[in-house]
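What follows is the residue order along each chain.
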Amino acid sequence: GIQVEQSPPDLILQEGANSTLRCNFSDSVNNLQWFHQNPWGQLINLFYIPSGTKQNGRLSATTVATERYSLLYISSSQTTDSGVYFCAVRSGGSNYKLTFGKGTLLTVNP
Amino acid sequence: EAQVTQNPRYLITVTGKKLTVTCSQNMNHEYMSWYRQDPGLGLRQIYYSMNVEVTDKGDVPEGYKVSRKEKRNFPLILESPSPNQTSLYFCASSFRRTGTVNEKLFFGSGTQLSVL
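Every value quoted in this text rests on a predicted model; they were computed, and no experiment measured them.

**Student:** Lay out the interface of chain B and chain A in plain terms, naming residues and giving numbers.
**Tutor:** Chain B puts 25 residues into the contact, and the matching count from chain A is 23 residues. The junction of chain B with chain A conceals about 1900 Å² of combined surface from both sides, 52% of it contributed by carbon and sulfur atoms. Across the contact surface, chain B and chain A share one salt bridge. Glu 103 of chain B is paired through a salt bridge with Arg 90 of chain A; the nearest N and O atoms lie 3.0 Å apart. Seen at the junction of chain B and chain A, the total is eight residue pairs in polar contact (both at pLDDT 80 or more). Elements that contribute at least two residues to the side of chain B that touches chain A include exactly strand E4 (31-38), strand E5 (42-51) and strand E9 (87-94) of chain B. Sort the elements by how many residues they give to the side of chain B that touches chain A and E5 of chain B lands first, with four residues. Across the side of chain B that touches chain A, the residue classes break down as twelve nonpolar, seven polar and six charged.

This is the structure:
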């Protein structure tokens, strides 16, 4: 099946810093999503982005499908950005399974 | 409010005592799925359903059952729970494959299950 690797596994920032999280995948995809799991365990969908670039406030994401990677940018980080960021992908074919990466644990210190 | 509702939020049980975790969504989504989350292993899919009466196994289906008798509900059943099923469980839903942002996956709040 498709492999998903996220980097870095852990990241510690000071409030106000910028960061880039990366998601590499091993096959072509027709579905890629980014999620944020907050410290209380809630999983929030950030982006549906199988290709191209999207922005939502301080967050933006870019997927370069031909090169099999996606990037999540967080600008002017805040303590509320802390948590785990997951990317999930689905490759072509009839199987509707989303495969998740193991996540990046982000800690933003005040 | 559009949401996926899971119950209970926390559950402690003993080995072998059948239990059901309920999941309901109010967004008219065709697709529903169950995941378990374990430290170091990330989110792994247990079962999924493409529509009413259509279910299929995910990566880790052993020890679990599901049913999809109504579009909005997708309960997860553990007929004889064991300690290795202690985990954080999530239900999720979305529209079926459309190639658009309608495929965004929405998660419930999670169920922390402990099997003693």
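**Student:** Tell me about the packing of aromatic side chains, residues and numbers included.
**Tutor:** Here the structure, examined in full by the defined rule, presents nine aromatic pairs over all chains. Considering the side-chain rings of Phe 35 of chain A and Phe 107 of chain B, the 5.4 Å spacing of their centres and the 85° angle between planes classify their relative orientation as edge-to-face. Separated into two different chains, Phe 35 of chain A in strand E4 (residues 29-37) and Phe 107 of chain B in strand E10 (residues 106-107) make up a pair that spans both. For Phe 35 of chain A, a relative accessible area of 0% corresponds to the buried category. For Phe 107 of chain B, a relative accessible area of 10% puts it in the buried group. Seen in terms of ring centroids, Tyr 35 of chain B and Phe 107 of chain B are 5.7 Å apart; in terms of plane orientation they differ by 50°. Their pairing is tilted. Here Tyr 35 of chain B, found in strand E4, pairs with Phe 107 of chain B, found in strand E10; they are 72 residues apart in sequence, far enough to count as distant.

**Student:** Please give an account of unusual backbone geometry that cites residues and values.
**Tutor:** Ser 7 of chain A connects to Pro 8 of chain A through a cis peptide bond whose omega is -10°. Tracing the chain through its elements places Pro 8 of chain A in the loop between strand E1 (4-7) and strand E2 (10-14). At Ser 76 of chain A, a position not held by glycine, the phi torsion is positive, near 45°. With respect to the helices and strands, Ser 76 of chain A occurs in the loop between strand E8 (69-74) and strand E9 (83-91). Judged by its relative accessible area of 40%, Ser 76 of chain A is partly exposed. Located in the positive-phi region is Glu 53 of chain B, a residue other than glycine, with phi close to 65°. Locating Glu 53 of chain B in the fold gives a position in the loop between E5 and strand E6 (54-57). For Glu 53 of chain B, a relative accessible area of 61% puts it in the exposed group.

**Student:** Pulling in residues and values, what's your account of the side chain of Gln 25 of chain B?
**Tutor:** Residue and element names in this part refer to chain B. Within the secondary structure, Gln 25 sits in strand E3 (residues 19-25). Judged by its relative accessible area of 2%, Gln 25 is buried. Among the polar contacts made by the side chain of Gln 25, one reaches the main-chain amide nitrogen of Met 27 at a distance of 3.0 Å. Looking at Gln 25, its side chain comes within polar contact range of the main-chain oxygen of His 29, at 2.9 Å. For Gln 25, the residues in contact, after removing those within four places along its chain, are Gln 3, Val 4, Met 32, Arg 68, Lys 71, Arg 72 and Ser 93.

Cut-offs and rules
Residue indices begin from 1 for each chain and proceed along its sequence in written order. The naming scheme follows written order: chains are lettered A onward, ligands numbered 1 onward. Restriction of local features to residues with pLDDT of at least 70 applies here, the model being predicted, together with a cutoff of 80 or more for giving and counting side-chain atom pairs; totals for whole chains, interfaces and linings are based on all residues. As a convention, hydrogens and water are excluded, and side-chain values are obtained from all of the structure's heavy atoms. When checking whether two residues touch, look at their non-hydrogen atoms; a contact exists if any pair is within 4.5 Å. Once two parts are brought into contact, the accessible area they lose, counted with a 1.4 Å probe and summed over both, makes up the buried area. Only one rule defines a salt bridge in this text: a Lys or Arg side-chain nitrogen within 4 Å of an Asp or Glu carboxyl oxygen. Between N or O atoms, a polar contact is any pair within 3.5 Å; within protein, one atom must be a potential hydrogen donor and the other a potential acceptor, and residues adjacent in sequence are included only when both atoms are from side chains. Every helix listed is a DSSP run of H or I at least four residues long, and every strand listed is a run of E at least two residues long, numbered separately from the N terminus. Polarity classes work like this: nonpolar for Ala, Val, Leu, Ile, Met, Phe, Trp, Tyr, Cys and Pro, charged for Asp, Glu, Lys and Arg, and polar for all others, with Gly in that last group. Only rings of Phe, Tyr and Trp enter the pairing, Trp through its six-membered ring, and a pair is recorded when the two centres are within 6.5 Å. The plane angle decides the type: under 30 degrees is stacked, over 60 is edge-to-face, the rest tilted. Buried means the residue's accessible area, taken with a 1.4 Å probe over protein chains only, is under 20% of the maximum for its type, while exposed means over 50%, and partly exposed covers the values in between.

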